[in-house]
Amino acid sequence: MFKNSKWFLVTVVALIAVALLFTGCNQQTGETDEEGGNAASVVKIGFFAPITGGDAAEGTAARNAFQMAIDEANASGEYPYTIELIIIDDQGTDSVAVAGANQVVADPDVVAASGFWNSGPAAAASAVFKEAEIPLLIWGAIRDDLTNADNYPYITRSAPTASQENSASAAVVLDDLGYTDWFIVSDASDYGQGNLEVFTKELTDRGLTALGSEVVQEDATDFSAVVAKIKNSGAKAVYCGSTVEIASLLKLQLYEAGVTDILFAGISGMKTPDFLKIGAEAAEGALVVSPGVDLESTDAGRAFTEAYNNAGYSEPIGAYTPYAYEAALILLNALSACGDAPTPEAMVDAIINSETTGIFGTTTFDEIGQTTNVATYLNVVQDGQWMNYVNSEYANGTRSFGGK
Amino acid sequence: MEYLLDLIWSAVLLGCTYTLVAIGFSLFFGVMDVVVFCCGDIAIFGAFSILASYTILNSLGIMTAWPLLLVILLLLLIGIIFCMALGLLTHRFSIKPFEKSSALMPLLSTIALGTVIREVIGLMFMPATNGLADVVAGENAIHVVSGRNPQSFPSLLSLGGSTDTRNIIIVAVTVVILLLLFFFLNKTKMGLSMQAISQNKELSLMTGINVSRSIVITFVIGGVVLAISGFLLGNYQTIMSFDNGSMFGIKGFSAAVVGGLRNTWGAILGGMLLAFVEVMVSGYVPNGSAYASIIAFVVVVVFIIFKPEGIIGEKTVEKV
């Protein structure tokens, strides 16, 4: 059957085609996406999130929330056209994000896009949107320089930056709790490097120096050497500037090595239900900063939670799910300001001049497109669940983080 | 000193996970002269089949009703069956068709197959597991969230005790597998036949050795080793992703190359050397984790250049 190279080539090409068939299934279409719609009656918005891969829990929930807002808008009858979503699963990967961005900007009906939980893909795709002069509103990627004077006015962000998040976290762990002996672990991604820089600066600003730091590869799974290094350094606290996959494995392997008398603090990227998969005992005491305000503490937050849960989504609300919903509200607000025939050009102006009241209050944008509505709060794992730090037994002194 | 001992123990454990995959590479290469590049993916496929079975057994309440040791053996058996089946399918559809072709062809074919295996796990793990759990357990079905999310792998080898127990079992099982393999390859007729094929396939055919049957048995044994490897890795990491097989396979292949591709003992040495380099660089070089894999692969390249036959591989001279 395979006696000559022709048949071999046919077989290899067929195998690769099958592989690409599987890997290429990264575009989904929102519920409102219908074939054959009249161009004059349809306005399209691109949406990017890591719907598969290690960050899928956060990305899928964000997709749900964004879709929920768009569905509500279409059902309201307030818009003289149907709003369709082009949902791109960026897989948390730069190249996939860029390919998706090119696909979105090539569609003449697209007037704006929102996206990204991972900073690398956000940075890579921003260039595409800027060149196409189509506005991109970032809902979840936090590396500081994603919004800047060069990218303005095309790239805006409704979520806080890494500096803003880390600053809030540092105020608690460095100033209130008084930890001074730190070991920093981050990953080699843009997100990890950004967090490493920002948290190191927080230490330096207080006259402190980390006892050690390690940058691990994004696909690393064995941290035994890092754990030994942390153990050997005499650190009383570990800062993990990475996302959930690495953070959860590191916390687990610290626990397994008996390194439990230590504070484990991190950034919002690890605050997903997936972190809890390592088990209640291993996850216990992980302290993480989250953007926004505790949804249970405000009427708007509770209403969002109820609406999300009533919509029947199986994925629980993550740290950035409300931000994806708010991003949709901001774009919808901008669409309203653009009249019956919104264009990308009109949307750019409408977004940067918008004033949108959402779950966390009123969002406006500063001179580089960064939100002026900054809020953060801390969460801690207690008995296998994420909970607001101020309501936890760690805050009232019943439990302690260790390392003291 | 305690720090050094911690690092050595970490390296031994990591080395065990590399070694078993490296042995898979060595077995296949030794008998068929073919690099089966999807060894890591076959091992991870075994781990995910064990995870799916665990979810279903859990749905049925068997995990608590049956003795833990019995459940572990049952899960391992399931993983072995899946890996053996996948190994045989690999041979039938990805290697056998290219028997008379250049060695590059099965290499390419198994690389492509590895991608297919990864994506099949990512796409099918959740619907297959949840569907089967629904069928067998109805309302009591326990569901997994997604095949592409990191999955929590049960640390069964802790036997309800500490992770030290688990780590000792991982090393002990690796040693037992190696000894059994050594016995099989050197003391049984089939093992000796396999070695004969490895040394000279044409002469083996002339002496009446059933080469086809030996190759099939190689894939069966390889399947067993890779299934156990996946199971041990799952227990060691406790969190697994569908695409772990890619890096796992590369590390295993590198270990086999460093040790000597045709030699089982070389696979052990290669696996341990690679693990020790990674762990010691991470442990002793400031910010070394960022460079551990780079330096490990530099070691592989150095071996390929200066000692291509591997640490204990035999130099082959081709007469013309």
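Residues numbered from 1 in each chain as written. Chains lettered and ligands numbered in written order. Predicted model: local features only at pLDDT ≥ 70, side-chain atom pairs only at ≥ 80, totals over all residues. Heavy atoms only, no water.

## Focus on the overall build of chain A
Point 1. Looking only at helices and strands, chain A has 12 helices and 15 strands in total.
Point 2. Excluding contacts between residues fewer than 6 apart, the proportion of contacts in chain A whose partners are at least 24 apart in sequence is 70%.
Point 3. Put simply, chain A shows about 15000 Å² of open surface, and 50% of that area lies on carbon and sulfur atoms. (Helix = DSSP H or I, 4+ residues; strand = E, 2+ residues; numbered from the N terminus. Contact = heavy atoms within 4.5 Å. Areas by Shrake-Rupley, 256 points an atom, 1.4 Å probe, with all protein chains shown as cover.)

## Notes on a negative patch on the surface
Point 1. There is a patch of like negative charges on the surface, built from Asp-94, Glu-218 and Asp-219 of chain A together with Asp-243 of chain B.
Point 2. Take Asp-243 of chain B: it is sitting in the loop between strand E2 (239-240) and helix H10 (244-259).
Point 3. You can call Asp-243 of chain B partly exposed: its relative accessible area is 38%. (Patch = residues over 30% accessible without salt bridge, like charges linked within 9 Å, V, L, I, M, F, W, Y side chains within 5 Å. Salt bridge = Lys/Arg side-chain N within 4 Å of Asp/Glu carboxyl O. Lys, Arg positive; Asp, Glu negative; His and termini not counted. Charge placed at Lys NZ, Arg CZ, Asp CG, Glu CD. Buried < 20%, exposed > 50% of the residue type's maximum accessible area, 1.4 Å probe, protein only.)

## A closer look at the sheet that holds strand E11 (residues 286-291) of chain A
Residue and element names in this part refer to chain A.
Point 1. Here 7 strands make up an open sheet; going across it, the order is E8-E7-E9-E10-E11-E14-E15 and the pairing mixed. This sheet does not close on itself; its edge strands, each paired only once, are strand E8 (212-216) and strand E15 (385-388). Strand-to-strand twist in this sheet, taken as the mean axis angle between neighbours without regard to direction, amounts to 25°.
Point 2. Relative to strand E9 (residues 237-241), strand E7 (residues 182-187) is paired through 5 bridges, and the arrangement is parallel. When the sheet's bridge partners are listed, Ile-184 is paired in E9 with Tyr-239.
Point 3. Those strands touched by helix H7 (residues 224-233) are E7, E8 and E9, and its axis lies near 160° from that of E7. (Pairing = 2+ DSSP bridges. Axes fitted to C-alpha atoms, helices over the stretch in contact; angles between N-to-C directions.)

## What to know about the interface of chain A and chain B
Point 1. Taken together, the contacts link 37 residues of chain A with 40 residues of chain B.
Point 2. Carbon and sulfur atoms make up 61% of the area that chain A and chain B hide from each other, which totals about 3400 Å².
Point 3. Where chain A packs against chain B, one counts 2 salt bridges.
Point 4. Here Arg-166 of chain B makes a salt bridge to Glu-256 of chain A, at a shortest N to O gap of 3.1 Å.
Point 5. Our count for the contact surface shared by chain A and chain B stands at 14 residue pairs in polar contact (both at pLDDT 80 or more). (Buried area = accessible area lost by both parts, 1.4 Å probe. Polar contact = N/O pair within 3.5 Å; in protein donor to acceptor, adjacent residues only side chain to side chain.)

## Overview of a positive patch on the surface
Residue and element names in this part refer to chain B.
Point 1. There is a patch of like positive charges on the surface, built from Arg-92, Lys-96, Lys-100 and Lys-201.
Point 2. The residue Lys-96 is located in the loop between helix H4 (68-95) and helix H5 (104-137) in this model.
Point 3. On the basis of relative accessibility, which here comes to 37%, the residue Lys-96 falls in the partly exposed class.

## Examining the environment of Thr-364 of chain A
Residues and elements named next belong to chain A.
Point 1. Position of Thr-364 among the secondary structure elements: in the loop between strand E13 (361-363) and strand E14 (376-382).
Point 2. Sequence separation between Thr-364 and Ile-330 is 34 residues, and the spatial gap between their C-alpha atoms is 9.3 Å.
Point 3. For Thr-364, the contacting residues outside a window of four places in its chain are Ser-354, Glu-355, Gln-370, Thr-371 and Thr-372.
Point 4. At a separation of 2.5 Å, a polar atom in the side chain of Thr-364 contacts the side chain of Thr-372.

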